[in-house]
Amino acid sequence: MKFSSTTPITIPFVFFFFFFFFFKGSLAANVTYDRRSLIIDGQRKLLISASIHYPRSVPGMWPGLVKTAKEGGIDVIESYVFWNGHELSPGKYYFGGRYDLVKFVKIVQQAGMYMILRIGPFVAAEWNYGGVPVWLHYVPGTTFRTNSEPFKYHMQKFMTVIVNLMKQEKLFASQGGPIILAQVENEYGDIERVYGEGGKPYAMWAASMAVSQNIGVPWIMCQQYDAPDPVINTCNSFYCDQFQPNSPNKPKIWTENWPGWFKTFGARDPHRPPEDIAFAVARFFQKGGSVQNYYMYHGGTNFGRTSGGPFITTSYDYEAPIDEYGLPRLPKWGHLKELHRAIKLCEHALLNGEPTNLSLGPSLEADVYTDSSGACAAFLANTDDKNDKTVEFRNVSYQLPAWSVSILPDCKNVVFNTAKVGSHTSKVEMVPENLQPSMASLDQGLERLQWQVFKENAGIWEVADFVKKGLVDHINTTKDTTDYLWYTTSLHVSEDEEFLKKGSSPVLLIESKGHALHVFVNQELQGSASGNGSHFAYNFKGPISLKAGKNDIALLSMTVGLQNAGPFYEWWGAGLTNVKIMGFNNGTLDLSSSSWSYKIGLQGEKLGIYKPDGSAAVNWTSTSEPPKNQPLTWYKAVVDSPAGDEPVGLDMLHMGKGLAWLNGEEIGRYWPRKSSVHDKCVQECDYRGKFFPDKCLTGCGKPTQRWYHVPRSWFKPSGNVLVIFEEKGGDPTKIQFSKRIFSGVCSSIAEDYPLVEHEFPSENGKGDNNVATVLLKCPKNTHISNVKFASFGTPTGTCGSYSKGDCHDPNSSSVVEKVCLGKTECAIELSEENFGKDLCPGITKKLAVEASCS
Ligand code: GAL
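Residues numbered from 1 in each chain as written. Predicted model: local features only at pLDDT ≥ 70, side-chain atom pairs only at ≥ 80, totals over all residues. Heavy atoms only, no water.

1. Points about the overall build of the protein
Of regular secondary structure, the protein possesses 15 helices and 47 strands. Taken over C-alpha atoms, the radius of gyration comes to 30 Å for the protein, in line with the 29 Å a tight globule of 854 residues would show. Along the three orthogonal principal directions, the C-alpha set of the protein runs to about 100 × 70 × 60 Å. Per-residue burial over the protein gives 58% buried out of 854 residues. Sequence separation of at least 24 residues holds for 73% of the intrachain contacts in the protein that already meet a minimum separation of 6. Summing over all exposed atoms, the protein offers an accessible surface of approximately 34,200 Å²; the carbon and sulfur share of this is 51%. Seen as two clouds, the 83 positive and the 87 negative side-chain charges of the protein have centres 2 Å apart. (Helix = DSSP H or I, 4+ residues; strand = E, 2+ residues; numbered from the N terminus. Rg over C-alpha atoms; globule rule 2.2 N^0.38 Å. Buried < 20%, exposed > 50% of the residue type's maximum accessible area, 1.4 Å probe, protein only. Contact = heavy atoms within 4.5 Å. Areas by Shrake-Rupley, 256 points an atom, 1.4 Å probe, with all protein chains shown as cover. Lys, Arg positive; Asp, Glu negative; His and termini not counted. Charge placed at Lys NZ, Arg CZ, Asp CG, Glu CD.)

Pasting the structure below:
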């Protein structure tokens, strides 16, 4: 039957269409797989997936993050499920706020995307205790992640709760929902052997327990080489092109491609160049992969005390394609978007064709996929990490930069080369804004900011929790209800001590299991010590002031995020193991077995003075000149929201170390700890060659984290209560909000950039006249106000630091100004009309532009 505009549409048809469109979301899909790919409702799928962890942002950000992912060419959102955020004590569950998993999955569904749910429930993820609740460690007889009955009991119970919740909300694809895959455990295969006899049986139990949950979609296990059928074993690494699943019936899935890396307080900033990420992804699809996930695509924030480690920063930005604050990171986001488009152009041939592998010379190969319809797609790779090469493929010659893949969706035209970044980029700045006294609390708003100050006691407050001979383990004592544990004792110093007469100082020696320490004697801070990302234990050695008579020693031991991975990780301890003082007349005094009084946590924490309803529990002192360099001090100020709607970071550069809250919401741990100036950093990162986290480090001598994300949704227009607990001393008057602002745009493109047929004319690439075209794009409501740099020729450098090369067209700036000034976006063609006839013959030229937007 043919429809024409005049064909009468009968009632049953109307009903059918209405039903189809309205209830489309609830039609069950059949997800299966074979060696080539996942098959959804009979259709093979090539899927690009993105990790976004729901508790690492706030619900207000979720729709925007998912949308930006979709615009970036993502089909699937992946997240772990965070057990310790959901099961707060045995059988007591929480699914509110940032932990509203159902809401998150539904947002993905509404965006028309799929979801991969990695239930774990062990997750690693640089998340406190790898996601397993601390209380489980104290259930007698429990060992995590092995054939331990209490562990398996609680794991199965939690997993069943999550599966039932998803089923109840009809979120599995088998029920019409977005979830197409679920994961049990996480990278267990890497350590299974270390667990001896408990290892393999546990892994097999986990797989069969998962399968018995009957979710109607396949289960995956990452880095689990012995994953039993029907569970699919998947790959996690910087490169997975060589990975093969453990059975010829399973598709090649890459669950973790790390497009950046995490940071630890006091360490440098790792960077993975977009060219290398694109290279790895293209190689994976070239070599038969069909699902690829970026871990992380948006890293976000370890709010409160959720970060693992120890020493993982509060920021979990990860240098991901979407930055911590939710903005696309350019050019990474844009380059990968172009890559995704190019790969999708090959989808049919890739999934339905048989590959032929051709050697094109040393380190040069082509994989050509031809399907039955005659469609042909080819990937040409140059895996040499130094030399650019020219290859002949089907009688055409192609230039292949070192360490790159060219994608030819028709086996003829290159639409993308992984090493040629054509995406425009942006300059993002943190623009400071002083804390504004709240209009709500002032008549005129002209007065100075008022601070409220409360000082903690250095040592036991109220009464000791317990007294004991010897030094206890920190984590076994606090059970992670707080970062802080006081170890206090006192000692009597006789007037005869020589050091008193000479005016010298005895030396305190402390050994520990980690993580950090502040030493107080008679209420005065004497010094601090801490471990780092590679050595958690620290030793403290320093002079202390003792007086004749009684001296109070108060040692504030701290954890900075609990161990999150590794065999038997839950048994790692923390706290002090040895305390001695050298320099007495009788030699060294060993206090390790003395009587110690202990206090868990701070008074302000216990009373919840950072929360609106706990604030009145102590007497705050009001002042417009808050004391500086004061340890153990709580500061509180009532402030206005920064103007505008840009994302906000709290600038803690001038503070020491501690915790921060806004309106009772946990911003998290701050610690502007600097990396060493003696460390090695790179100026520019060579993308060529295998990436590893220490390859391209920057930030030597700078704080690892200066700004702390405060989500916009936590602010009210006025009357916001900012509370800081400072451990060792800082200058609160220098605390500022900073707005994350796109301050400028850059773009650079070479004459030989592959001319992609762009769906969106707003991308770099082919202009109307079939020549490479640079596109500059300012954020909405802003215009190009100044062309800071323009050079057609051989410019070098990156956005913010371009410089002219030997070949430079002196008219470059005026050409760009003419086209762009005053516009929100503009396109400049690398045409003869714009830049004259062959300026420097025989050289491939490019145009690089940096402009300001205002
Ligand atoms: C993996 C792990 C992830 C994450 C990642 C590093 O081994 O599965 O959860 O920890 O390393 O960011």
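On we go.
2. Examining a nonpolar patch on the surface
Taken together, the side chains of V194, F568 and W571 define a hydrophobic patch exposed on the protein surface, amounting to about 300 Å² of accessible area. Along the chain, V194 falls in the loop between β9 (179-184) and α7 (199-211). Residue class for V194 comes out partly exposed when judged on its relative accessible area of 47%. (Patch = residues over 30% accessible without salt bridge, like charges linked within 9 Å, V, L, I, M, F, W, Y side chains within 5 Å. Salt bridge = Lys/Arg side-chain N within 4 Å of Asp/Glu carboxyl O.)

3. Points about the site of the ligand
Lining the immediate surroundings of the ligand are 15 residues, of which Y80, A125, E126, E187 and Y318 lie closest. With respect to the ligand, the backbone of V123 contributes an N or O atom lying 2.9 Å from an oxygen atom. With respect to the ligand, the backbone of A125 contributes an N or O atom lying 2.8 Å from an oxygen atom. Bound to the protein, the ligand loses 91% of the 310 Å² it would expose on its own. Of the residues in the shell around the ligand, the class split is ten nonpolar, two polar and three charged. (Near = heavy atom within 4 Å. Polar contact = N/O pair within 3.5 Å; in protein donor to acceptor, adjacent residues only side chain to side chain. Nonpolar A, V, L, I, M, F, W, Y, C, P; charged D, E, K, R; others polar.)

4. Things to note about the sheet that holds strand β32 (residues 587-590)
The strand order β29-β26-β31-β32 describes an open sheet built from four strands, whose pairing is antiparallel. One side of each edge strand has no neighbouring strand; the edge strands of this open sheet are β29 (539-543) and β32. Strand-to-strand, the axes of this sheet are offset by a mean angle of 20°, without reference to chain direction. Looking at chain direction, strand β31 (residues 575-584) and β32 are connected through three bridges and run antiparallel. (Pairing = 2+ DSSP bridges. Axes fitted to C-alpha atoms, helices over the stretch in contact; angles between N-to-C directions.)

5. Some remarks on the side chain of S49
Checked against the element boundaries, S49 lands in strand β4 (residues 47-52). For S49, a relative accessible area of 0% corresponds to the buried category. Apart from residues lying up to four places away in sequence, S49 is in contact with I74, V76, I77, E78, I116, Q292, N293 and Y294.

6. Observations regarding the domain arrangement of the protein
Looking at the assigned domains, one finds that the protein contains domain 1 (11-345), domain 2 (357-414), domain 3 (427-456 + 605-734), domain 4 (466-601) and domain 5 (741-853). Distance from the C-alpha centre of domain 3 to the C-alpha centre of domain 4: 28 Å. Of the residues lining the interface, twelve residues belong to domain 3; the matching set on domain 4 comes to 17 residues. Surface buried jointly by domain 3 and domain 4 totals about 1,100 Å² across both partners, of which 57% is contributed by carbon and sulfur atoms. In this assembly, domain 3 and domain 4 are joined by one salt bridge. The salt bridge involving D483 is made with R669; its shortest N-O contact spans 2.7 Å. (Domains from an automatic or database assignment. Buried area = accessible area lost by both parts, 1.4 Å probe.)

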